[in-house]
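Examining the three-dimensional arrangement
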Amino acid sequence: MSPMTAKLVHLSIDRDWRAVYDFARQPDNMAHWASGLGAGLTRDGEDWLADGGPLGQVRVTFSPANDFGVIDHVVHMPSGLKVHNAFRIVPNGDGAEAIFMVTRLPYQSEAQFEQDAAHVLRDLSTLKAIMEQEGRDAED
């Protein structure tokens, strides 16, 4: 398969990058902010299972915890397609930058690809709101 079209979706978060990483990397927390994977994630050995909507159940393999802010994960589709999602939380000043690479899957139209990117931006915006509110609450 030739390389797929890709787009980086990113958002600055006014919270220490390590706190954002520690929260975002935990599959149990994804139900709070990652609507694409978060609803119904259940552990299955080292992997996680999620309802892929009309595509059926998907298996998700996350990268192990690390010191570099990497939250990459592979989504194993029922069709056999493996979607490699690059996701990073990196330092940005005193805060963080959440960076997700959206890839256009072989069966997607340009409009569907753009909808996926918009969906990721909404999820990152939710993550930002949660993390910045927690930061304010910790200061009080």
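Residues numbered from 1 in each chain as written. Predicted model: local features only at pLDDT ≥ 70, side-chain atom pairs only at ≥ 80, totals over all residues. Heavy atoms only, no water.

Further remarks concern the confidence of the model for the chain. Chain-level statistics for the chain give a pLDDT mean of 91 and a share of 94% at 70 or above. Across the chain, strand β7 (residues 87-92) holds the top mean pLDDT of 98, while strand β3 (residues 47-51) sits lowest at 88. (pLDDT = per-residue confidence, 0-100. Helix = DSSP H or I, 4+ residues; strand = E, 2+ residues; numbered from the N terminus.)

On to the pattern of salt bridges, then. Side chains that differ in sign of charge can pair as their charged atoms come close. The tally for this structure, following the rule as stated, stands at eight salt bridges. A salt bridge links E114 to K7, with the shortest nitrogen-to-oxygen separation between them at 2.7 Å. Within this pair, whereas E114 is found in helix α2 (residues 110-139), its partner K7 is found in strand β1 (residues 6-13), the two being separated by 107 residues in sequence. Of the residues examined, E114 reaches a relative accessible area of 33% and is grouped as partly exposed. Here R59 makes a salt bridge to D44, at a shortest N to O gap of 2.6 Å. You can see R59 sitting in strand β4 (residues 57-62) and its partner D44 sitting in strand β2 (residues 42-44), a full 15 residues away along the chain. R59 gets classed as partly exposed once you look at its relative accessible area, which sits at 29%. Classification of D44 by relative accessible area gives partly exposed; the value is 32%. What you see here is one network of salt bridges that share partners, running through D44, D47 and R59. (Salt bridge = Lys/Arg side-chain N within 4 Å of Asp/Glu carboxyl O. Buried < 20%, exposed > 50% of the residue type's maximum accessible area, 1.4 Å probe, protein only.)

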